[in-house]
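# Overview (structure and organization)
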Amino acid sequence: MRQAPLTILLAACAVAAASRSVWDGVYTKEQAQRGQAAYAEECMKCHAENLAGGEDAPPLAGDEFLHKWNARTVGALFESIRKTMPSDDPGNLSSRQYSDIVAYILSVNEFPAGQKELEHEAAPLNEIRIEAKR
């Protein structure tokens, strides 16, 4: 009976160690480039060319964005965008397009690129933490 809490604690530590952060290079440069093109076509009219946001559109880059999303997951960001954007036709893009746009957002926020593309579904993206600072 005494080992059960220890086992649970060790399992929790293993899960925490396995999770990644946006500082681990979770998207590729090519994916961010595709995301930039999709952003220009689908998002820029409301969120601005520099991702600073507009009257009714929140910023997708900079301090305000990082403060809002710090300690949340890339999966939560992906799902939020997928369910609400574009505002005139939410959910109309492919999962790949949404993932590419998230990669572009990460690149503009100066998180490093890596060797593997972001997944195209929320579950694996929920294992990636957004951390404003290393």
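Further up the page is the structure itself.
Described below are features of the structure shown in this document. (Residues numbered from 1 in each chain as written. Predicted model: local features only at pLDDT ≥ 70, side-chain atom pairs only at ≥ 80, totals over all residues. Heavy atoms only, no water.)

Here the focus is the nonpolar core. Counting residues in hydrophobic clusters, the biggest one holds 31 residues, and the most contacted among them are Val74, Val102, Leu106 and Leu118. Counting residues per element, the ones that place at least two in this core are α2 (29-42), α4 (63-69), α5 (74-84), α6 (95-108) and α7 (122-125). No other element matches the seven residues that α6 contributes to this core. Other than its neighbours up to four places away in sequence, Val74 contacts Val22, Val102, Leu118, Leu125, Ile128 and Ile130. (Core = buried A, V, L, I, M, F, W, Y, C linked by side-chain atoms within 4.5 Å. Buried < 20%, exposed > 50% of the residue type's maximum accessible area, 1.4 Å probe, protein only. Helix = DSSP H or I, 4+ residues; strand = E, 2+ residues; numbered from the N terminus. Contact = heavy atoms within 4.5 Å.)

As a further point, take the layout of surface pockets. Of the pockets and cavities examined, the largest pocket occupies roughly 310 Å³. Lining the largest pocket are 22 residues, and of these His47, Pro58, Leu60, Ile81 and Met85 sit closest to its centre. Residue assignment for the lining of the largest pocket shows that the elements contributing at least two residues are α3 (44-47), α4, α5 and α6. Tallied by class, the residues present in the lining of the largest pocket amount to 13 nonpolar, four polar and five charged. (1 Å grid on protein atoms, 1.4 Å probe; cavity = no way out; pocket = protein on both sides within 12 Å on 5 of 7 lines; lining within 4 Å. Points joined across faces, edges and corners; volume = space filled by probe spheres on them. Nonpolar A, V, L, I, M, F, W, Y, C, P; charged D, E, K, R; others polar.)

Looking now at the side chain of His47. You can see His47 is positioned in helix α3. Looking at His47, its side chain comes within polar contact range of the main-chain oxygen of Pro58, at 2.8 Å. (Polar contact = N/O pair within 3.5 Å; in protein donor to acceptor, adjacent residues only side chain to side chain.)

Looking now at the packing of α5 against α6. The N-to-C vectors of α5 and α6 enclose an angle of 125°; their axes lie 10 Å apart at closest approach. On the basis of their axis angle, the class for α5 and α6 is oblique. α6 is crossed by α5, and the crossing has right-handed handedness. Here α5 contributes Val74, Leu77, Phe78, Ile81 and Arg82 to the contact with α6, which in turn contributes Ser95, Tyr98, Ser99, Val102 and Ile105. Of the residues that constitute the contact of α5 with α6, the class distribution is seven nonpolar, two polar and one charged. (Axes fitted to C-alpha atoms, helices over the stretch in contact; angles between N-to-C directions. Parallel < 35°, antiparallel > 145°, perpendicular 65-115°, else oblique. Left-handed = near helix turned anticlockwise from the far one by under 90°.)

This next bit is on the environment of Gly91. You can see Gly91 is positioned in the loop between α5 and α6. Residues Gly91 and Glu79, 12 residues apart in the sequence, show an inter-C-alpha distance of 9.7 Å. Not counting the four nearest positions on each side in its chain, Gly91 is found in contact with Arg82, Met85 and Tyr98.

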